[in-house]
Every structure is written in C-alpha cells, then in structure tokens.
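Take a look at the letters that make up each chain.
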Amino acid sequence: MWAEIWGTLQPLVERVMAGEEIFMRDMAFTMSRNGRRERTWFTFSMSPVRDATQRIVGMYGASTETTHRMRAERRQAFQLQVADTLRRLSNPHDVMAAASRLLGEQFGVGRVGYAVVDESKRTVSVDADWTDGQMASLGGVTRPMDSFGPELVQQAQRGVTLCIDDISRDTQAAAYEAGYAAIGVRAMIIVPLLEHDRLEAILYLHEASAREWSTEEVELAEDVARRTWDAFQRARAEQALLAETRVLELLQHTGARVASTLDMQTLLQAITDTATELSGAQFGAFFYNAQNADGDVYRLYTLSGAPWEAFEGLGHPRATPVFGPTFHGQPPIRSGDITRDPRYGQWPPHHGMPPGHLPVRSYLAVPVVSRSGETIGGLFLGHADTDVFTERTERLIGGIAAQAALAIDNARLYAAAQKAAEEREALLVRERLARAESERLSKMKDQFLAMLAHELRNPLAPIATAAELLNIAGGSEAVVQRTSEIILRQTAHMTRMVNDLLDVSRVTRDLVTLEKRPLNLKEVIATAVDQVRPLLIEKKHQLTLQLPDEPLVVNGDVIRLVQALANILHNAAKYTPDGGEIWLSAEIAADRIFLSVKDNGVGMPTEFLPQAFELFSQGAQTLARSQGGLGLGLALVKKLVELHGGAVNAFSEGPGKGSTFGIALPRLRDATAAGDQPAAAHQLPIEQGIASVALPILVVDDNRDAALTLAEILQHEGYAVSVAHSAEDALLEVSKEPPAVMLLDIGLPGMDGYDLARQIKAIPELRNAILIATTGYGQGPDLEEAMGAGFHHHFVKPVDLAQLCVLLARIGRTWTLRHSSAMPESKRR
C-alpha cells in the first residue's frame, strides 16, 4: 500500500519490528492521489505486537492526516514572510525582485520572475528575474506573445492560471515546444495579473525539467502573485506620488529661483538644471537663438549634467533637420532613439553626431518662445539609453520652457530698463563733466584773455612812453640809445607772444607738418642755446652743458625741436633770479635719448606739476605779473615733442627749490645718419659782445622805413649793407657786387620774394649766398614754401634782432675763413 512512500516508512517499520515504539508528528510525504503527486502530512504512532511468549509477530499503527492544517500553517508562515519583506520596500522593481526570490526559494524552482505585457505591441518583456544559478536569466529579453501559443495566451488574458508539468506532453503547448526550449523551460506555472480586465503582467515559475506541480503550489503562487502585484501597484503609486511631489517641489524651487533673479545666466542655468533633473536626462542644454552674417549659428548658453569641455571642441551647432526646427518655433521633437529617426544624419561631413559628442539615443527638444512669438532658443535633453522620455516628460518640459520664456522676457525687460537707466546716468555724468569742463575752460579763457590784455598792455606802455620820450628829448644820444633798447626789448616780447599764439593754434588743430630727417640733437642744442643767449646775457646766468661724446641721433624736424628746447631754456632763464645757474644735459638709454634742463630758480608747487604742460597753465603770480607770459610755451613743447613720438615731464621739490624739465625722444641707432658734433661736459659762460666782420649783406624790402632801419642797425653792427626796394632793383644790385647774405621780404610788388630767391639761386656767382626770408607770414606752410624756394632761414616780422645777429655772426665767421683763404696775402694784411 502506497509504494511511493515505502522508502520513507521502511526504516521506521524496521525499528518497530525490532521492538521500538515510534511517534511522528506532522511527517511529510509525497503521495500519488487523485491522479497527481502531492505533498501530504501525517501524525502517527507505530507499536510492536507481541504473542504470549513476547515474541514480535506484527505491528499496530494509528495515524491522522494533518495535510490541510500543515498547508494552512505553511502558507500563512510564507505569506507573513512575504508580507513582512514587501512591506519594507518602496521601489516597484525591488518588490518584484524580493517576491521572485522568496517564491524561488520556497518552491525550489530554477527561475522566477515578472514580465510586462504590451498588448498593443503583442510583446512580453522581462526587466529582471531570480534564478537558482542553473537556469539563465531572462532579464532584458522581449519576446512575441504568440510564441507561447495562442490558446495559452487567450487563457492568460481571461485570468486563468497556467500549470504545465511537461510542455512536450501538453496538448496546448507542445506545438510551441521549440520556443519554450529556446528559453530553457520544460515545466511552468504562469499566473496572469490583470488590471481593469486587461493583461498587464505575468508571474512565471520555470523548471528546466518536467515537474508535477501540486495544487498547493499553484494556490500559493496565485496568492503570492496577487499580494506582490498589490504591493507593486502600491509601490508604483507611492513612487509616482513621490515623483510628482518632487516635480512640484522642483517646479516651485525653480519658480522661486527664476522669480528671485533677473540675471540671464543664473536664470537659464536654473531652468536647464530643473529640466534635466525632471526629465531623467543624463545631460541638458539651453542654446540661445542667434545669427551671424554667415547664416544660422546657435551658441551654447547653459549646460547641465556634462562638463563644458564636452562641447568646447565641437563648434557651433548647425540648423540640421533634427536641430533646426526647434529654433524656428516648431513643435517639440521627442525620440526614443534619435539615431533611427529618418531626419538624423542627413548632413555632411559627419552624417550624425561628430566624434567626441556626448552619446545621445533618447532625445527631447522643446522650443522656448516669448510672448511676442520670437523663438528665444531651445531646451535640449539627451540620454545614452533608448525610450527614456515619455509623453508626460514632454508636457513637463513644455511647461518649463513656457516658464523660461516668461522669465527671459522679464529679464530682457529688466536688462533694457537697466541699460536705459545706466545710459541716462552716464549721459547725466557726461553732461555734468562737460558742464564742469566747459566752466573750467571758460574760466581759463577768461583768465587767458585777462592775461593777454595785461601782457599786450605791458610792452605797449613802455613803447608808447619811449616814443614820447624821443619826441620830447630830441636827438640826445643817450636817450635815443635807452629808448631804442626799450622798444627793441618790448617788441621782441610782443613778437614772441604772437608767435606762440600762432604755433599753439596750429598744433592744437593738427596743422603742423614735420619735416623729419636724421639729425644730431647737438645741432638742436647749439641752435637753441644761440636763440636764448640774449636772455641769458641779460640775466647774467651761467649755462652748463653736459653732453656725451657719441652722437645724439633722432629722426626729427630740426626747427620744431629747436623751438621746443628753446622754450624750455627760455622758461628756465625767465624764472631763475639774476646770476642763476642752468644745466642742460643729455643721456642715451637703449632706444631713447633724454634731454634735461635744470635750474635753481623759483621752482613749482607739487600740486601744479600735473598741469604744468596744460594750455594756459601758470603758477600763482601776483597782480604785478613780473614774469609775464601767457602759459603757452610748455603746452607747445609738449605737443611738439609728442609729434616726434616723445614725452615730457617736470619735477620740482617746491617753491624756491628750482625745477627740472625733461624731454625723451626715440633714438636712431644709425649714428652715421646724421653728422656728429663733438661735445663734452663744459661750462658755457654767456658773455656779451658777438664778433662780427664786414660781411656783405643785401636787404630787400618794399617798406622803405623797415629796410632802412634794418640796414642802419646791421651797419652799426659792422656789416657792409646795401638796400633794394623791389625784386628788379635787387637783381641789379647783385649784378654789381654779389652779397654773402640776402634778407628778402616775401611780399614784394611784382615779383615776390619766392620767385626772386629762385632767380638768385640760378646765378652761378650767388650759389653760396645765404638767403634769409623776412616776412609777416609765419605759418607752417609759409615756412615750407620758403625752404622750397631756396631760403636757408626764415624770420617773422618784426625780426628778432638778437637772434638775427647771432645767426649773422655764425655766417660771418664761416664766410670770413673761406673768403680770407682766397685772398692774396697782401690783401689779408
């Protein structure tokens, strides 16, 4: 009886027949009943039966089947274990994994898992499952529903549990045995999970060999499947609620951040970060819609989930069929796998993503459109996996894009208002500065006009007085000499002021044209010293030159550099008390040459130094204005030096401590480009009296008074002077006795001075004659035209007689040496 359990009972019977009494409680057996093998439990006792001689002749057994109770208890214990395990889990995938493991261990099967059913696609997909280590996992596998047999699928759709002990012998499944064999299944239990009468998932228990499933196992599998599905649904609902809560919190946080800032970068970074997090994207970006002259160019504005280096080498994105529509305000583009989109990869050279691009399969692009309809840019989200973004994701990102557009509009309005306010403020500041500058210039103009009136009256007063004195005193030689000196001194002062005014006017209007050539600054120094010599003599100053032996070669306009240096020397002489000392030095430093003029004069306040070279600037003076001047000289020096690519500076330790003025000029390294003049550190005492010789001079001027007075002065200085009042008279005069020097007025009647000079230069006997222009025209073009006509020197009327005498003395020395060497010895004696 029950041969299938004899292997379990035999050892017990043998023990009883040996005299032992046995009691077993709830012992398990696998028995065949009702055509199936099933697990049963019994409580029983077995005792030996003895005869009169106490010999064991049999056994007595009393048993009670406890299968129903044991099944109930075991089911309850397993259900409690499942419930306790699932209760601690909140992730739907963790719920399924735990339930699969518990069922597999409880039933001792090869594989347990849950599969998701997509009836629209007629597919069954497994995310993950549990195995005993012998059977292969089906995780990540998707198979057609019909491969399991249409009849079995229909039963599952009706909610009927499928229990197959041996697929090869099952009438409904045998025809699809190959499909089952492909996943290693020979026996199985399939529990369908329906929601609203629709098959959503299945629980499967797989065995690699045939197995007789008991009714208890089927019932327990169904019970666990229902409990697990409920727990799964609950966890999924909780997860969805948490996700929705997180979405709302993120949206609220983003809204707060967007509302609290009007900075475009901060605003868009917050939008991009939120969109990336909400969508589950690996990386997100906002591209600003911009165009250049070459066409569509979109620049990356913000990035989330990836470093900036990931985009640095890729250049600007192009308006490809995938990328471009977003920037034209077209509907969002969502793709589970963008590489399979027909619009993808149409443009060369890459036909897709360029090398080094972040891996993108799932793709979502949403335009950001302002209230005016302008497409501001686009939010772009990507993920390396497929099918990450859902319809709900698209709606969420669409809402964020609308929020972004509103925030950007507000930021733009704020930026425009801020810019307008800044422009207004800048305009007000400029207006205030302009008004202050205008007031300052107006004040300086008033001061200048007052100074000009004062300075013009100063020389006019002694000139008028001297003229009256001459009229009263008659021909007294002493009176004539003193008054002549007064008139000469004051007219020289007025001439200098007028010349400075003209030069400053031309320099400030950029009308000065430099005639640059390589020259030795020693030539400039010598000429400047000659020009200032009369003032140095008058004030009994001692001038010390400290010059290097090597040439001081620069590329410059000799006349303008002389003018600049002479102005500084004149200032030093003027503002140094009588008998003072002045030092003129030069240094070479690399590519610059530095000239320095130092004096022991009145000095300057330190607060005046920054404006020493400004137009009309002068230090504090008394009402007497004993030093005079219009504040033009140093401004003119600064302009002229800067035109040569140089710079000026001034230094003083304070009033009464002298001043130092510096000029720095670019150096020409080619010393052969200009003639060298030997010089060394020496003192140049200024002595009155300039050697003169009987130098033949012709004065040509249609103004008879001007010509005769100039001739008389030159004759007084010892020169042999003749006079002509027209060009024709001059040509006639030179034909009689060729002069060494000719002083020609430019504004002659008929033939002017320029043409006269050209004709004189064409006469062979006069090729060495020195031509000096004396004219009222003192502008730059006048000087240039005079030099072009052949003049060697240019003086503006009224002529500075001191400078003219210095020049004639220098010419006379050269002429005397040359002329005397050509004379016979008897003549030289």
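Residues numbered from 1 in each chain as written. Predicted model: local features only at pLDDT ≥ 70, side-chain atom pairs only at ≥ 80, totals over all residues. Heavy atoms only, no water.

1. Description of the pattern of salt bridges
Selection rule: By convention in these notes, a salt bridge is any Lys or Arg side-chain nitrogen within 4 Å of a carboxyl oxygen on Asp or Glu. Secondary structure elements are defined from DSSP: runs of H or I of at least 4 residues count as helices, runs of E of at least 2 residues count as strands, and each element is numbered from the N terminus. In this scheme, a residue with accessible area under 20% of its type's maximum is buried, one over 50% is exposed, and one in between is partly exposed, where area comes from a 1.4 Å probe on protein chains only.
Counted by the stated rule, this structure contains 30 salt bridges. With its nearest N and O atoms 3.7 Å apart, the salt bridge here joins Glu-391 to Arg-395. Of this pair, Glu-391 and Arg-395 both sit in helix α9 (residues 391-473), four residues apart, which is roughly one turn of that helix. Side by side, Glu-391 and Arg-395 carry an identical accessibility label, which is exposed. Among the ionic contacts, a cluster of salt bridges with common partners joins Asp-26, Arg-69 and Glu-73.

2. Some details on the pairing of strand β25 (residues 741-745)
Worth spelling out the cut-off: When DSSP finds two or more bridges between a pair of strands, those strands are recorded as paired. Seen with its strands pointing away from the viewer, a crossover is right-handed when the path leading from the first strand over the helix to the second is clockwise.
The buried fraction of β25 is high, at five of five residues. With burial as the criterion, each face of β25 is covered, one bearing Val-741, Leu-743 and Asp-745 and the other bearing Met-742 and Leu-744. Direction of pairing for strand β23 (residues 696-700) relative to β25: parallel, over a ladder of four bridges. When the sheet's bridge partners are listed, Val-700 is paired in β25 with Leu-744. In this sheet, strand β26 (residues 770-775) lies alongside β25 in parallel orientation, the contact comprising five bridges. Across the sheet, the residue bridging to Leu-744 is Ala-773, located in β26. Crossover β25 to β26 through helix α16 (residues 753-761) is right-handed.

3. Things to note about the sheet that holds strand β24 (residues 720-724)
Operational definition: The angle between two axes is taken between their N-to-C directions and runs from 0 to 180 degrees, where each axis is a line fitted to C-alpha atoms and a helix contributes only its stretch in contact. Contacts between residues were defined by any pair of non-hydrogen atoms, one from each residue, lying within 4.5 Å.
The strand order across the open sheet built from five strands is β24-β23-β25-β26-β27, with neighbouring strands paired in parallel fashion. Where the open sheet ends on each side, the last strands, each with one partner, are β24 and β27 (793-796). Ignoring which end each strand starts from, the neighbouring axes of this sheet average 20° apart. Where helix α14 (residues 704-716) meets the sheet, it contacts β23, β24 and β25, and its direction lies at approximately 170° from that of β24.

4. Thoughts on empty space enclosed by the protein
Our working rule: Put simply, the grid is 1 Å and covers the protein atoms alone, a cavity is a trapped set of points that fit a 1.4 Å probe, a pocket is an open set with protein on both sides within 12 Å along at least five of seven lines, and lining residues have an atom within 4 Å of a point. Grid points are joined across faces, edges and corners, and a volume is the space filled by probe spheres set on the points. Residues are grouped as follows: Ala, Val, Leu, Ile, Met, Phe, Trp, Tyr, Cys and Pro are nonpolar; Asp, Glu, Lys and Arg are charged; all remaining types, including Gly, are polar.
Counted by the stated rule, this structure contains two cavities of 30 Å³ or more. The calculated volume of the largest cavity comes to roughly 320 Å³. Considering the residues around the largest cavity, the lining is formed by 22 residues, among which Ala-115, Val-124, Phe-148, Ile-190 and Ile-202 are closest to the centre. Mapped onto the lining of the largest cavity, the elements with two or more residues apiece are β4 (111-118), β5 (123-131), α4 (150-157), β8 (187-195) and β9 (198-207). For the lining of the largest cavity, the leading source of residues is β9, giving four residues. Class assignment for the residues of the lining of the largest cavity results in 19 nonpolar, two polar and one charged. Here the second largest cavity defines a volume of roughly 40 Å³. Looking at the lining of the second largest cavity, the elements with two or more residues in it are α11 (521-538), α12 (558-574) and β21 (660-666). Residue classes in the lining of the second largest cavity are distributed as nine nonpolar, no polar and no charged.

5. Side note on α12
An α-helical turn contains 3.6 residues, so any two residues separated by three or four positions project in the same direction. Counted only if it meets this: By definition here, a helix of n residues has an expected span of 1.5 Å times n minus one. By the criterion applied in these results, polar contacts are pairs of N or O atoms within 3.5 Å in which, for protein atoms, one can donate a hydrogen and the other can accept it, and in which residues neighboring in sequence qualify only through two side-chain atoms.
Look at α12: 23 Å from first C-alpha to last across 17 residues, which is about the 24 Å you get at 1.5 Å a residue. Buried residues dominate α12, accounting for 16 of its 17 residues. Of the residues flanking the start of α12, the one acting as N-cap is Asp-557, its side-chain oxygen 3.0 Å from the backbone nitrogen of Ile-559.

6. Observations regarding the packing of helix α15 (residues 727-736) against α16
This is how it is decided: If an angle is under 35 degrees, it is roughly parallel; if it is over 145, roughly antiparallel; if it lies from 65 to 115, roughly perpendicular; otherwise it is oblique. Note on convention: near helix rotated counterclockwise from far helix by under a right angle means a left-handed crossing. Clockwise means right-handed.
α16 packs onto α15 with a crossing angle of 20° between their chain directions and a minimal axis gap of 10 Å. When the axes of α15 and α16 are compared, the pair comes out roughly parallel. As α15 runs across α16, the sense of the crossing is right-handed. Counting all contacts with α15, which are made through Ala-727, Ala-730 and Leu-731, the residues of α16 involved are Leu-756, Gln-759 and Ile-760. Across the contact of α15 with α16, the residue classes break down as five nonpolar, one polar and no charged.

7. Description of the packing of aromatic side chains
The condition is simple: Each aromatic pair joins two rings of Phe, Tyr and Trp (for Trp, the six-membered one) with centres within 6.5 Å, and gets the label stacked for planes under 30 degrees apart, edge-to-face for over 60, and tilted for any other angle. Counted as over-ring charges are cases with an Arg CZ or a Lys NZ within 6 Å of the ring centre that also lie within 35 degrees of the ring normal.
Counted under the stated rule, the structure contains five aromatic pairs. A ring pair is formed by Phe-29 and Phe-42, whose centres lie 6.2 Å apart and whose planes are at 65°; its orientation type is edge-to-face. Linking Phe-29 in strand β1 (residues 22-33) with Phe-42 in strand β2 (residues 36-50), this pair joins segments that are 13 residues apart in sequence. By relative accessible area, Phe-29 is classed as buried at 4%. Judged by its relative accessible area of 9%, Phe-42 falls in the buried class. Pairwise contacts between aromatic rings join Phe-29, Phe-42 and Phe-44 into one cluster. Against the face of Trp-583 rests Lys-598, its NZ or CZ located 6.0 Å from the ring centre.

8. Points about the packing of α12 against helix α13 (residues 633-643)
Orientation of α12 relative to α13, taken along the N-to-C sense of each, is 145°, at an axis distance of 9 Å. Considering the relative orientation of α12 and α13, their crossing is left-handed. Contact residues: Arg-560, Gln-563, Ala-564, Asn-567, Ile-568 and Asn-571 in α12; Gly-633, Leu-634, Leu-636, Val-637, Leu-640 and Val-641 in α13. Among the residues forming the contact of α12 with α13, the class breakdown is seven nonpolar, four polar and one charged.

9. Quick word on the nonpolar core
Within soluble globular proteins, side chains that are nonpolar generally end up buried alongside one another. We count it as follows: Nonpolar cores were defined as sets of buried Ala, Val, Leu, Ile, Met, Phe, Trp, Tyr and Cys residues, with membership established by side-chain atoms within 4.5 Å.
By size, the foremost hydrophobic cluster in this structure holds 45 residues, and its most contacted members are Leu-521, Ile-525, Leu-569 and Leu-584. Breaking this core down by element, the ones donating at least two residues are α11, β16 (542-546), α12, β18 (581-589), β19 (592-599), α13, β20 (647-651) and β21. Here this core gets 10 residues from one element, more than from any other, and that element is α12.

10. A word on the sheet that holds strand β6 (residues 142-144)
Strand order across the open sheet formed by six strands is β6-β5-β4-β9-β8-β7, with antiparallel pairing between neighbours. On the outer flanks of this sheet lie β6 and β7 (162-164), each paired with one strand and no other. Each strand axis lies, on average, 20° off the axis of its neighbour in the sheet, ignoring direction. Taken together, the nine bridges between β8 and β9 define a ladder with antiparallel strand orientation. In the strand pairing of β9, Met-188 is matched with His-206. Set on the sheet, helix α3 (residues 92-107) makes contact with β4, β5 and β9; between it and β4 the angle comes to about 140°. Relative to the sheet, α4 contacts β7, β8 and β9, its axis offset from that of β8 by approximately 45°.

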